[in-house]
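Structure assessment
If you want the building blocks of each chain, they are given just below.
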Amino acid sequence: MRARSALACLLAVALAVPALVVRVAAEQRSGSVAIAVTDSTVAGAGTAESVVRRLRSAGITHVVVGMRPLRDYRGDGSVTPVAPGASSIPVRLTGDGPAVVFRGRVGDPDGAFGWVVTALRAQFGSRVTTAEATPTPGRSGTGGSGTGGSGTGGSSVDGAANDEGSPSEGAAVPFVRIDGVAKLADLDEVPVGYDLGHVRALDASGIGIVLALPARIARGHGWLEREMDRARTVADTEPEEATDTWTALVLTSPPFPSLVGERTAFSRFLAARGFTLAFPDFGELPGAPSYAGQLSGRIVRAHVVDVRPGDDPRALVARGSRAVKERTVRLLVLRSPLAEPDAGRRTVAVTALAANLRRDLPGWTRPSSTSPSSVPSGSTPQGPPTAMPAVDPGPVVSAASLLAALVILAAAGGWIVRTPVRLPAGRLGQWVRRGVEGGWPVTAVGVGLAGGVGVAALIVDSLPLWQLVTLAVAIAGASLAVLVAVGSPVAEPVGSPVAEPAREPLSGQIVRSYLLGVGIALATGLVVAALGSRTEFMTGLVPFLGVKALLIAPPVVVGLVTFASTWAPGSLGWRRWEGGVRVGGVRPLQLVGGAVVLVGVAYYLVRSGNSGLASAAELWLRDALDETLYVRPRFKEALLGFPALVLAVAWSCGAVGGRRTGWVVCWSVVAGIGTASMVDTFAHFHTPLALSLLRSAYSLVIGLVLGLVATWLVRRVTSRSPVREKLR
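The structure displayed is predicted, hence computed values, not measured ones.

**Describing the overall build of the protein chain**
Tallying secondary structure elements over the protein chain gives 24 helices and 15 strands in all. Across the 728 residues that make up the protein chain, the buried fraction comes to 52%. Intrachain contacts of the protein chain at a sequence separation of at least 6 include 80% that bridge at least 24 residues. Within the structure as shown, the protein chain displays about 30,900 Å² of accessible surface, and the carbon and sulfur contribution to it stands at 61%.

**So, the sheet that holds strand β12 (residues 299-306)**
Ordered by their spatial adjacency, 7 strands build a closed barrel running β1-β2-β9-β10-β11-β12-β13, and the pairing between neighbours is parallel. Between one strand and the next, the sheet's axes are offset by a mean angle of 35 degrees, whatever the strand orientation. Sheet analysis places strand β9 (residues 208-212) next to strand β10 (residues 247-249), joined by 3 bridges and oriented parallel. Among the inter-strand pairings, L211 is bridged to a residue of β10, identified as A248. Across the sheet, helix α6 (residues 196-204) touches β2 (62-65) and β9, and the angle it forms with β2 is around 175 degrees. Its contacts with the sheet put helix α11 (residues 343-360) on β1 (34-38), β12 and β13 (329-335), and the angle it makes with β13 is roughly 155 degrees.

**Quick word on the packing of aromatic side chains**
In total, this model carries 8 aromatic pairs according to the counting rule given. Between F266 and F269 the ring centres are 6.0 Å apart and the planes differ by 20 degrees, which places this aromatic pair in the stacked class. With F266 and F269 both in helix α8 (residues 260-273) and 3 residues apart, this pair spans about one turn of that helix. On the basis of an interplanar angle of 45 degrees and a centroid distance of 6.2 Å, the ring pair of F279 and Y291 is categorised as tilted. Note that F279 is positioned in strand β11 (residues 276-280) and Y291 in helix α9 (residues 288-294), a separation of 12 residues in sequence.

**So, the sheet that holds strand β4 (residues 79-82)**
If you walk across this open sheet you meet the 4 strands as β4-β5-β7-β6, and the pairing is antiparallel. Edge strands, defined here as strands with exactly one partner in the open sheet, are β4 and β6 (128-133). In this sheet, neighbouring strand axes are inclined to one another by 30 degrees on average, regardless of whether the strands run parallel or antiparallel. In this structure, β4 lies alongside strand β5 (residues 99-104), joined through 4 bridges in antiparallel fashion. Bridging across to β5, V79 finds its partner in G104.

**Examining a nonpolar patch on the surface**
Taken together, V701, V705, V709, W712 and L713 make up a surface patch of nonpolar side chains, about 460 Å² in accessible area. Structurally, V709 is set in helix α23 (residues 689-718).

**Description of the pairing of β6**
Of all 6 residues in β6, 6 are buried, a share of seventy percent or more. Here β6 shows no split at all, with V128, T130 and E132 on one side and T129, A131 and A133 on the other all buried. Sheet topology note: the β6/strand β7 (residues 173-179) ladder contains 6 bridges and is antiparallel. Residue A133 lies in a different strand from β7, and its bridge partner there is V173.

**Describing the side chain of S5**
The residue S5 is located in helix α1 (residues 2-28) in this model. Residues in contact with S5, not counting those within four places in the same chain, are W415 and V484.

**As for helix α21 (residues 635-652)**
Its 18 residues place the ends of α21 25 Å apart at the C-alpha level, agreeing with the 26 Å of an ideal helix rising 1.5 Å per residue. Remark: the principal bend of α21, roughly 35 degrees, maps to G641, with a proline, P643, within the next four residues. The buried fraction of α21 is high, at 16 of 18 residues. Downstream of α21 by a residue or two, G654 has a phi angle that is positive, lying close to 80 degrees.

**Some points on the packing of helix α12 (residues 394-418) against helix α16 (residues 506-531)**
Two elements in contact, α12 and α16, have axes separated by 9 Å at closest approach and are oriented at 150 degrees. When the axes of α12 and α16 are compared, the pair comes out roughly antiparallel. Here α12 runs over α16; the crossing is left-handed. Here α12 contributes S401, L402, A404, A405 and I408 to the contact with α16, which in turn contributes T524, V527, A530 and L531.

**Here we look at the packing of α1 against α12**
In the contact formed by α1 and α12, the axes pass within 7 Å of each other and the chain directions differ by 165 degrees. Between α1 and α12, the crossing angle belongs to the class labelled roughly antiparallel. Seen from above, α1 lies across α12 with left-handed handedness. Of the residues in α12, those touching α1 at R2, R4, S5, A8, C9, L11, A12, L15, A16, P18 and A19 are V397, A400, S401, L403, A404, V407, I408, A411, W415 and R418. Considering only residue class, the contact of α1 with α12 consists of 16 nonpolar, 2 polar and 3 charged.

**Topic: the side chain of S533**
If you trace the backbone, S533 turns up in the loop between α16 and α17 (535-538). Here A529 takes part through its backbone oxygen, which lies 2.9 Å from a polar atom of the side chain of S533.

**Focus on the environment of S78**
Turning to its location among the elements, S78 is positioned in the loop between α4 (70-75) and β4. Taking C-alpha positions, S78 is 8.5 Å from R103, a pair spaced 25 residues apart along the chain. Apart from the residues within four sequence positions on either side, S78 is in contact with Y73, R103, G104, R105, D110 and A112.

**A word on the pattern of salt bridges**
Following the criterion strictly, the structure yields 17 salt bridges and no others. With a closest N to O distance of 2.2 Å, E189 and R71 form a salt bridge. Taken as a pair, E189 in the loop between β7 and β8 (191-194) and R71 in helix α4 lie far apart in primary sequence, 118 residues in all. Across the pair D188 and R74 runs a salt bridge, and its minimum N-O distance is 2.6 Å.

Basis of the calculations
- Residues numbered from 1 in each chain as written.
- Predicted model: local features only at pLDDT ≥ 70, side-chain atom pairs only at ≥ 80, totals over all residues.
- Heavy atoms only, no water.
- Helix = DSSP H or I, 4+ residues; strand = E, 2+ residues; numbered from the N terminus.
- Buried < 20%, exposed > 50% of the residue type's maximum accessible area, 1.4 Å probe, protein only.
- Contact = heavy atoms within 4.5 Å.
- Areas by Shrake-Rupley, 256 points an atom, 1.4 Å probe, with all protein chains shown as cover.
- Pairing = 2+ DSSP bridges.
- Axes fitted to C-alpha atoms, helices over the stretch in contact; angles between N-to-C directions.
- Phe/Tyr/Trp six-rings, centres within 6.5 Å; stacked < 30°, edge-to-face > 60°.
- Patch = residues over 30% accessible without salt bridge, like charges linked within 9 Å, V, L, I, M, F, W, Y side chains within 5 Å.
- Salt bridge = Lys/Arg side-chain N within 4 Å of Asp/Glu carboxyl O.
- Expected span 1.5 Å × (residues − 1).
- Bend = angle between axes of the 7 residues up to and from the residue.
- Parallel < 35°, antiparallel > 145°, perpendicular 65-115°, else oblique.
- Left-handed = near helix turned anticlockwise from the far one by under 90°.
- Nonpolar A, V, L, I, M, F, W, Y, C, P; charged D, E, K, R; others polar.
- Polar contact = N/O pair within 3.5 Å; in protein donor to acceptor, adjacent residues only side chain to side chain.

What follows is the structure in structure tokens.
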């Protein structure tokens, strides 16, 4: 039966190879990394040309330019809030209800008020009303005509001044009212537009430009597209004839998260203008999967590094480098908090970090055009960061991957059906026993149902349905790996008298069973990686569905199956002695071990995922291992699950003082954590396949060594008669 399971896994891997080839080919085309700095970080540190020279000498190739918020326009006097009920407000802008009214400069000499109104209308629509009034010093006059179809005003502006500060009789003063806004502060972060002068100066200095998209924008794709076109136009690029590629960066939420039509139109604009779209590498963003599907081949993963006073530069470098290697990040964005008032210090901090990052990154990530020499004014800007190529295996390859998943599911179901069940003779025990012994039809139905879901997912192109199949095969394969390693279901159940020693040494049996179990988990991981070989998954914008379920289900399945197959009558009571005869089977040490396992599982669930808890010591260890081994092994595999798998195999084959039912169940449950973690490694679809294989190889070797050492220690302890009796 073990041989059949191994052959089934080999067949599954063979079926998954075409999808894996497509995946690896795309990963090989994902090239150079760009290091960028936010414009606010280096603002005020000198002229654009001098700042760019310092940035380029440190390996920084791009500057992220964000939109100016409304508060900036308030700060420079382009718009001024007017108190409610002021006599200067035109009559048509007065009324009941919460509202905020702004006044512009007389005549709007620089057009700033007009851009503010355009931005407000894009986001608030009909809630925005404009009007003009004619200032008449010392007396009331008639209102001027409205702008933008607003009609005429109805009052004068007493004492209004022109842009030089003196009254200008007859000049128009623009006003705008935004209904439904209770506080002035609610408008401070409204994006108005890009600083075109800043964009022009940066482009002239020869630096690449990344346009940061405004946060919390829910409507107005036309306005956003015009602003992006304006930014490219002042950089001496005609948008309609553009052949070079720019990058748009999402720092928080993507534009239009809840409006499909707006997202579709904006995606078409980005593709037509040659933009790549960069998303942060952490967090699930509403609407992001839609962009991934419509901009296949134009998605970039970005990692934002906040450079704060007191941060350990070495740790920042290690984590930035890890983002590039493990999460396919191709844009590193450095930013310093504005709490540091000295622009020079902010610039020094980010340039020093960038120089160290550039040296630490792998050689293949460095663009060939990067040069530390000074960049003359007017030189060609750096190219954009490399986007993840489009990945689409096609229907035939996807069908082969689905068939591979069904093979794994069938193998797992067949193993469980062949497992001997030893349960109490009550109704529940009989019902479970009959269900398992007659489980072949149930297995067939389950595999058929999974196949139907997979076919439906291919026909309707449903990512959630495809993910359900992926989750099912991941749980089944991770569980099968432990069950096969612990023992064959057609052999004598664990807990029975130990058979005659086999010709093969026990250490050889342990290593062979361990490698078989880990090999099945590895095969399952490769099938999962093949199922995730699509643009939406590999960009990280559609995360793996059911990570928590994958991490907890295999230990539960393994625990139930091993308990059902190793249970013996009388094993559910406290151990006691009557007339010199031992009665019962629950050992106190096994209860303690079970409690430890439960606590470990709880911590394990809290720790799982990128947002889990991690101590400073663990973060330091991660960084150190990344620097030493290129990529660190996963601790749940190398330090917990795989050593437990060795111990489970050792207890089951009698290598540690004879077969002990309770300890086999206990260590098998912990081993399920390791195999689930290995499969989950390959479910990180944004991680290159070669890196996942290297990480798993480290875990395999370390887990085997630690497990053998633990087995030797347990064998030494259990060789003593008093201890051996307590463990029985």
